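Observations on chain architecture
Listed below, chain by chain, are the residues.
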Amino acid sequence: LGPGIQWEESRAKMRELVPADYKGTLIITGFIASDRRGVQTTLGRNGSDFSGSIFGALLDSAEIQIWTDVDGVLSADPRRVPDATIIDSLSYNEAMELAYFGAKVIHPQTMAPAVGSSIPIWIRNTFAPEKVGTLICADPKSLLPVKGITSIEKTALINLEGAGMIGVPGTANRLFGALREEGISVILISQGSSEHSICCAIPQDQAERAAAVVRAAFERELKEGQIQDVDVTPDLAILAAVGDGMAGQPGVAAKVFNALGSASVNIKAI
């Protein structure tokens, strides 16, 4: 899950270095850190933004500003949707969902310290500081039911199917346990209400390895015919429509599926 911040130790060291009544400007190097032994390390991908969020929380900041190379969080990938617009405000959950499903402008980890302290995050453009940017906060004022549409490409779908799964406890646990032991990340899960099948999406480059470990985990059931097959469908993409306002608002899913049907896009799992 990435680096774990030692908050109490960090707060104590911050108090030693920065007096409570300090009025100046702190310029702090991002990305680098120390482990428990004091050995220098890094915070990994997007570590500089993560640093900004960490220090924002340590200093009880009124807000955190992430200065990047775009005007804010866009409603879609501008390379695919040229008329994508800047989203004026997002909830923390909306921003995390968009980031998880492919939006590159902010990493979910960056938001975690701010979420804990309800500190607003601004995404601003270094090259166009006059632009307003996007506000990520606990209670956004935007009325749009869908904030953004994003995607993850190069995914594969593994489907475990068989009458022998119905009503048998622990099937999902064995499936996901086998994938976990092999270090394979599951992006999306879908299951029929009858428990006749479970499918999950994984990165395509891990598909063959995933199929092998799942077949090994259910070897007996496959031999006895309780499970018909472990099916792998490659060359797929996950499309996510994200927005807190969709909850309880009829017709949003219908618009999504109608648009996909009109474009002759086949849906494999929801």
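Here is a short report on the structure shown in this document. Computed from a predicted structure; not experimentally measured.

A word on the overall build of the chain. Along the backbone of the chain there are 8 helices and 10 strands. For the chain, the C-alpha atoms occupy an extent of roughly 75 × 50 × 30 Å along the three principal directions. Sorting the 270 residues of the chain into buried and exposed places 34% on the buried side. Counting only contacts in the chain whose residues sit at least 6 apart along the sequence, the fraction spanning at least 24 positions is 69%. Of the accessible surface of the chain, which amounts to about 16000 Å², a share of 54% is contributed by carbon and sulfur atoms. Each charge class in the chain can be summarised by its mean position, and for the 23 positive and 31 negative side chains these summaries are 2 Å apart.

Between helix α3 (residues 92-100) and helix α4 (residues 108-117), whose axes approach to 9 Å, the crossing angle comes to 165°. It follows that α3 is roughly antiparallel to α4 by the angle criterion. Crossing handedness for the pair α3 and α4: left-handed. Here α3 contributes Tyr92, Ala95, Met96, Ala99 and Tyr100 to the contact with α4, which in turn contributes Pro108, Met111, Ala112, Ala114 and Val115. Classifying every residue of the contact of α3 with α4 gives 10 nonpolar, no polar and no charged.

Moving on, we get to the sheet that holds strand β3 (residues 64-68). Strand order in the open sheet formed by 4 strands is β3-β5-β6-β4, with mixed pairing between adjacent strands. Looking at which strands have only one partner, the edges of the open sheet turn out to be β3 and β4 (89-91). Averaged over all adjacent pairs, the angle separating strand axes in this sheet is 20°, with direction ignored. Lying over the sheet, α3 contacts β4 and β6 (134-137), oriented at roughly 90° with respect to β4.

Taken together, the side chains of Tyr22, Leu26, Ile28 and Leu59 present a nonpolar region at the surface, about 320 Å² in accessible area. Note on placement: Tyr22 falls in the loop between α1 (7-17) and β1 (32-34). What makes Tyr22 partly exposed here is its relative accessible area of 40%.

It is worth spelling out the sheet that holds strand β9 (residues 197-203) at this point. Strand order in the open sheet formed by 4 strands is β8-β9-β7-β10, with antiparallel pairing between adjacent strands. Looking at strand neighbours, the two that pair on one side only are β8 (188-191) and β10 (229-242), the edges of this open sheet. In this sheet, neighbouring strand axes are inclined to one another by 30° on average, regardless of whether the strands run parallel or antiparallel. As paired strands, β8 and β9 are joined by 4 bridges and run antiparallel to one another. Within the sheet, the bridge partner assigned to Gln191 lies in β9 and is Ile198. Where α3 meets the sheet, its contacts fall on β7 (148-161) and β10, and the angle it forms with β7 comes to roughly 65°.

What counts as what
- For every chain, the first residue of the written sequence is number 1, and numbering continues from 1 onward in sequence order.
- With the structure being a predicted model, the display of local features is reserved for residues of pLDDT at least 70 and the display and counting of side-chain atom pairs for 80 or more, all residues being used for whole-chain, interface and lining totals.
- Only hydrogens and water are removed before side-chain values are computed, so all heavy atoms of the structure are retained for them.
- In this description a helix means any DSSP run of H or I spanning at least four residues, a strand means any run of E spanning at least two, and both kinds are numbered starting from the N terminus.
- For the exposure calls, accessible area comes from a 1.4 Å probe over protein chains only, and a residue counts as buried if that area is under 20% of its type's maximum, exposed if over 50%, partly exposed in between.
- Should any heavy atoms of two residues lie within 4.5 Å, those residues are considered in contact.
- The accessible surface values rely on the Shrake-Rupley method and a 1.4 Å probe; as for residues, cover is taken only from the protein chains in view.
- Neither His nor the chain ends contribute to the count of charged residues, in which Lys and Arg are positive and Asp and Glu negative.
- Charge placement uses NZ in Lys and CZ in Arg. For Asp and Glu, CG and CD serve respectively.
- In this analysis, axes come from line fits to C-alpha atoms, helices being fitted only over the stretch in contact, and the angle between any two N-to-C directions falls in the range 0 to 180 degrees.
- Each angle receives one of four descriptions, namely roughly parallel if under 35 degrees, roughly antiparallel if over 145, roughly perpendicular if within 65 to 115, and oblique otherwise.
- Left-handed describes a crossing in which the near helix is turned anticlockwise from the far one by less than a right angle; the clockwise case is right-handed.
- Residues are sorted three ways: Asp, Glu, Lys and Arg are charged, Ala, Val, Leu, Ile, Met, Phe, Trp, Tyr, Cys and Pro are nonpolar, and all the rest, Gly among them, are polar.
- When DSSP finds at least two bridges between two strands, those strands are taken to pair.
- Candidate patch residues must exceed 30% relative accessible area and have no salt bridge, after which like charges are joined if within 9 Å and Val, Leu, Ile, Met, Phe, Trp or Tyr side chains if within 5 Å.
- For this document, the term salt bridge refers to a Lys or Arg side-chain nitrogen within 4 Å of an Asp or Glu carboxyl oxygen.

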